[in-house]
Amino acid sequence: MPMLETATVVGQTRVARDTYRMELAAAGIAAASCPGQFVMVQAGHEGARLRRPLSLHRFDAGRVELLYRVVGSGTRWLAGLAPGEQLELLGPLGRGFPLHPDRPAVLVGGGIGGAPLVALAEARGRAEVPTLVLLGARQAAELVAVDRFRDLGCRVEVATDDGSAGRHGLVTQWLPEAMADFGEEAVIYGCGPQGMLRALMTLDPRFTVYLSLEERMACGVGACLGCAVAAADGGYLRVCRDGPVFAREEVRL
Ligand code: FES
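Here's a quick rundown of the structure. This is a predicted model, so every value here is computed, not measured. (Residues numbered from 1 in each chain as written. Predicted model: local features only at pLDDT ≥ 70, side-chain atom pairs only at ≥ 80, totals over all residues. Heavy atoms only, no water.)

**Some remarks on the overall build of the protein**
Now for step 1: Regarding its fold elements, the protein presents seven helices and 15 strands.
Now for step 2: For the protein, the C-alpha radius of gyration of 17 Å lies close to 18 Å, the compact-globule estimate for 253 residues.
Now for step 3: When burial is assessed residue by residue, the protein has 53% of its 253 residues classed as buried.
Now for step 4: A separation of at least 24 residues holds for 62% of the contacts in the protein among residues at least 6 apart in sequence.
Now for step 5: In the structure as shown, the protein presents an accessible area of about 10800 Å², 49% of it carried by carbon and sulfur atoms.
Now for step 6: Averaging the coordinates of the 26 positive side-chain charges in the protein and doing the same for the 28 negative ones gives two points 4 Å apart. (Helix = DSSP H or I, 4+ residues; strand = E, 2+ residues; numbered from the N terminus. Rg over C-alpha atoms; globule rule 2.2 N^0.38 Å. Buried < 20%, exposed > 50% of the residue type's maximum accessible area, 1.4 Å probe, protein only. Contact = heavy atoms within 4.5 Å. Areas by Shrake-Rupley, 256 points an atom, 1.4 Å probe, with all protein chains shown as cover. Lys, Arg positive; Asp, Glu negative; His and termini not counted. Charge placed at Lys NZ, Arg CZ, Asp CG, Glu CD.)

**As for the pairing of strand 8 (residues 131-137)**
Now for step 1: Taking burial as the measure, the seven residues of strand 8 include seven buried ones, the bulk of the element.
Now for step 2: Sheet analysis places strand 7 (residues 105-110) next to strand 8, joined by six bridges and oriented parallel. Within strand 8, the residue paired with Leu107 across the bridge is Val133.
Now for step 3: Note on the crossover from strand 8 through helix 4 (residues 146-151) to strand 9 (residues 155-160): the handedness is right-handed. (Pairing = 2+ DSSP bridges. Right-handed = clockwise from strand over helix to strand, strands pointing away.)

**So, the nonpolar core**
Now for step 1: The biggest cluster of nonpolar side chains holds 34 residues, and the ones touching the most others in it are Val106, Val108, Leu134, Leu175, Met179, Ile188 and Leu200.
Now for step 2: Of all the secondary-structure elements, those providing two or more residues to this core are strand 3 (38-45), strand 6 (86-93), strand 7, strand 8, helix 5 (175-178), helix 6 (194-201), strand 12 (208-212) and helix 7 (239-242).
Now for step 3: At three residues, helix 6 tops the list of elements feeding residues into this core.
Now for step 4: Excluding anything up to four places from it in sequence, Val108 contacts Leu117, Leu134, Val171, Leu175, Ile188, Tyr189, Gly190, Cys191, Met196 and Leu200.
Now for step 5: Counting residues in hydrophobic clusters, the runner-up holds 30 residues, among them Leu117, Val133, Phe149 and Val156. (Core = buried A, V, L, I, M, F, W, Y, C linked by side-chain atoms within 4.5 Å.)

Right, here's the structure in full:
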């Protein structure tokens, strides 16, 4: 069950261009969370009320970590918070990633979409099965969490739009080649921009594919329908309530 918890900032680190990792003491949410879920960050600032969905980057031992990119006044305010300051978190919200810890996995993250995949890799554990992580970004300075995945024992490959790190181009361009070593038991998890998710939808049907559509959220709590996505059966699904993680067979993008 989601809860409203007053969280205390423990640390704040700039980890890439305009990108910060905030560590918060939030014991209730940390204990209840699953990889792929998110929280609504709620706080007053400059006379306005900030409500922003952020995926859980990591959670453990009474703490949660949020990885976010500064894109406007709200996230700029968040980046200015210092240890000891407090804000309200509502969560954990949504439906997370099925873990399939015994099956090989390929985790595909585009930009800040790599954030929740760290929690997923941690939860799957250092199993004997291989985990390949493919991270894409516009340029090297925007890559996130590469070392974190390596510390977890994952093989990590990167691609950048401008060729400043790893392969030159979109991460999905060489996904078929990267998948060549994987059999039909492989599970693919994707989180990132719409174009990347669409490309994952078209992968060989023998692969199990899960997509996190977190970029589509607005209110985050099922109230606005601003997150509606077309369901494969002709209806619609709410990303915040029914997702943000979906099996590819459930949605149309
Ligand atoms: Fe408002 Fe889902 S974001 S209903």
